[in-house]
Amino acid sequence: MSAALALTWRQYRLERRMFWRNPSAAFFNFVLPLLFLALFGAIFAGSQEDLDVIVPGIAGMSIMTTTFVALAMNLVFLREQGVLKRLRGTPLPSGAYLAGLAAHAVTNTAIQLSIVVGAGALLFGVGLPEDWFMLAVFVAAGVASLASLGVALSHAIPNFDSAPAYVNAIFLPVIVLSGVFYDADAAPTFLRDIAQALPLTHLIDGLSAAMVTGASFADHLDDLAVLLIWGALGTVLAVRGFSWEARRG
Amino acid sequence: MRDLHKSYGNVHAVQGIDFEVVRGEVFGLLGPNGAGKTTTVEVLEGYRERTRGIVSVLGHDPGGRPRALRERVGIVLQSSGIYRHATPRELIAHWAGFYPAPRDVEEVIDLAGLRESEHVLARRLSGGQARRLDFALALVGDPELVFLDEPTTGFDPAARRAAWETIRALAELGKTVLLTTHYLDEAQALCDRVAIVKDGRILAVGAPAQLGVGASSRYRVSWRDEAGELATRETDDPTGLLHQLTSAALARGTGLEDLSVSRPSLEDVYLELTAEIDEEPTR
C-alpha cells in the first residue's frame, strides 16, 4: 500500500512540474476563470446582488475547468500520443497513475478556489464563506462528479484535433445554463428545467449557500444528491470505457 | 509461444505462429508491413488478447498483464509519445521509480547516448534522440527481456547505426531481445536468429547465415566474360566452377574482370520465400 502511495506521490509531483511548463494548460486552467471573475466583477461593480451571484458561479466554473475540461483534454492528448500505452507496459499500477493525475487536478482546483474565495472577500464584498464544512463537502462532491464525467467524456472524443470542439460544445452551454453569470432562478422556465438536470447548477447552488447566503446544509441535500448521482454515472462510464490506446484507423 | 492465433473480426492477422526465444539471444521477426509482427509482439507484451494458442513469457501468461512480468520486461513500441514537458533525465528517473531494482540513471543516460540532451524538454528532441529516450525508458528497469518493435523505422543512416549500437550493448548486457523489423540488413546485423513472417505465418526460422546456406541456390559466382558482359551463375560447387573459369581464362591469356563469389544474403532467401507464398493460389 505504501509503495502504491509513493508511486502516486511521484506521479503527482511529475504532473505538477510539467503543468507549469505548459502555458496553454496553465491558461485554460487558471487564467480564463480569473479573467471572467475580473471582467464580471468590473461589470457588476456596485451591485452587491450580482456580485453575490458571480463569485460562487465562477467558483463552480473553476471546479469544472480544473477537473472536467482539464482531464478530458489531457487524457485524449496522452492517449493519442501513446503516453498511456507506454505507461501501461510498465509496472506502474493504473490506480496509482490515475490517483496521481486526480490529485494534480484537485490541487489546481484548490489553488483556484482559494483565489476566487479570497478575491470575493477582499474585492467583491462577498465576505468569507459562511459555512466552511458545507463548502468543503460541495467542492469534494463537485470534484468527484465533474472529474469522473471528464474522464468519461474523453472516451467519446475520437482524437485530439476534435477535443476542443467536444469539450467546448459541452462546457460553454453548461456554464451559461447553470447560472455562472446570472441567477439561474431568473431564467425562462424551459432553460431552468434543463439547468435543473445539470450537475454544475447544483454545485453552484451549494457553493452559493456555503459562501454567500448561509442557507442551511439541510436545505441543500437535494443538490448534493444530484451531484452524487452524476458522479456515480460518471464513474461507471469512466471505468467501463477507459482505453489506454488510441483508436485504430 | 505455440500456435498463436489472433483475429480482428474476420481478419486473421496471425494464424498459427510458433517460436521459442532462448534466454540471452537476439531474436528477430522479419517480414513486410502487415505480416502480423506487431500483433504477435503486442500479444507477448500483454497489449492484445490472443484468440487462441499458448503463450509464455518468462514463465508468465502475458494475457493477464501480471505485474511480476511487467517488472522484468522492457518495451519499445513502434511509435509512442512521451510527456512533452519533461526532460529525458526527469523521465528516466521517474520511470526508474516504477521498478523494484532499477539501473542507475546516470548509467542509462550514457548507455542510451542521451548525455547531451538530458536537460532538453522532450518536445524539442529530434526523432533519433526521442528513440534513444524510448530505449532508455525500456532499459531503466533492468529488464531481462526487451521488446523492440521496428526500432529504426524511418531513421536516417546515422541514427540507425546509433540504435544498432544500443541494441548490441543490450545483448552484451546479457538481455534477451525480441525485435521486429522489415529491414533485412537490420536482421542480419543484429539477430542471432530470425523468423521470417508473412501473412501471419512463419516461413522459416534460423540464424541469418544458416538461412542463406539452406536456400536452394548456394553460391553465386559472377564475372565479366569475353564479350565484356557481366555473367552470373549459381552453383552448389563453386570450386569446380571457379576452376573451369580460371583455367579457361589462363588458356586465353586474359584476366577475369569483376570476379566475385557470394553466398545468397538473407535478402535473397527472404525474397525467394515471400515470392513462393505470393505464387500460391489465393485461399
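The shown structure was predicted, so the numbers you read here are calculated from the model rather than taken from an experiment. (Residues numbered from 1 in each chain as written. Chains lettered and ligands numbered in written order. Predicted model: local features only at pLDDT ≥ 70, side-chain atom pairs only at ≥ 80, totals over all residues.)

K.L.:
Sorry if this is basic, but what is going on with the overall build of chain A here?
P.N.:
Within chain A, the secondary structure is distributed over 10 helices and 0 strands. A compact globule built from 249 residues would reach a C-alpha radius of gyration of about 18 Å, and chain A, at 18 Å, matches this within 12%. By its C-alpha atoms, chain A is 55 × 35 × 35 Å across when sized along the principal axes. When the 249 residues of chain A are sorted by exposure, 45% land in the buried category. (Helix = DSSP H or I, 4+ residues; strand = E, 2+ residues; numbered from the N terminus. Rg over C-alpha atoms; globule rule 2.2 N^0.38 Å. Buried ≥ 20, exposed ≤ 12 C-beta atoms within 10 Å, placed from the backbone.)

K.L.:
When you look at the overall build of chain B in this model, what are you seeing that I'm missing?
P.N.:
Counting its regular elements, chain B contains 10 helices and 12 strands. A total of 283 residues make up chain B; the buried ones form 37% of that total. Long-range contacts, defined as pairs at least 24 residues apart, comprise 67% of the intrachain contacts of chain B with a sequence gap of at least 6. (Contact = placed C-beta atoms within 7 Å.)

K.L.:
What exactly am I supposed to notice about the pairing of strand E11 (residues 230–235) of chain B here?
P.N.:
Residues in a regular strand project their side chains so that they alternate between the two faces of the sheet. All names here are of chain B. Taken together, the 6 bridges between strand E10 (residues 219–224) and E11 define a ladder with antiparallel strand orientation. Within E11, the position partnered with Arg220 by the bridge is Glu234. Where E10 folds back onto E11 in an antiparallel hairpin, the turn is made up of 5 residues, including Gly228, whose phi is positive at roughly 85°. (Pairing = 2+ DSSP bridges.)

K.L.:
Quick question: what am I supposed to make of the sheet that holds E10 of chain B here?
P.N.:
Residues and elements named next belong to chain B. Taken in spatial order, the 3 strands line up as E11-E10-E12 in an open sheet, and their pairing is antiparallel. Unpaired on one side and paired on the other, E11 and strand E12 (260–262) mark the two borders of the sheet. Direction aside, neighbouring strands of the sheet carry axes that sit 20° apart on average. Relative to E10, helix H9 (residues 238–252) is tilted by about 10°, and along the sheet it contacts E10, E11 and E12. (Axes fitted to C-alpha atoms, helices over the stretch in contact; angles between N-to-C directions.)

K.L.:
Is there a simple way to explain the pairing of strand E8 (residues 193–198) of chain B in this structure?
P.N.:
Residues and elements named next belong to chain B. In terms of burial, E8 is largely enclosed, as 5 of its 6 residues are buried. Pairing geometry for strand E3 (residues 26–30) and E8, over 4 bridges, is parallel. Among the inter-strand pairings, Leu29 is bridged to a residue of E8, identified as Ala195. Sheet analysis places E8 next to strand E9 (residues 201–206), joined by 5 bridges and oriented antiparallel. Its bridge partner being in E9, Val194 is matched across the sheet by Gly206. Turn length for the E8-E9 hairpin, with the two strands adjacent in sequence and antiparallel, is 2 residues, and the turn residue Asp199 shows positive phi of about 50°.

K.L.:
Looking at this structure, how should I read the interface of chain B and chain A?
P.N.:
Where interface size is quoted, it is often the accessible area lost as the parts come together. With 18 residues of chain B in contact, the opposing surface of chain A contributes 15 residues. Those elements that provide at least two residues to the side of chain B that touches chain A are helix H2 (67–70) and helix H3 (88–96) of chain B. Partitioned by chemical class, the residues of the side of chain B that touches chain A number 8 nonpolar, 6 polar and 4 charged. (Nonpolar A, V, L, I, M, F, W, Y, C, P; charged D, E, K, R; others polar.)

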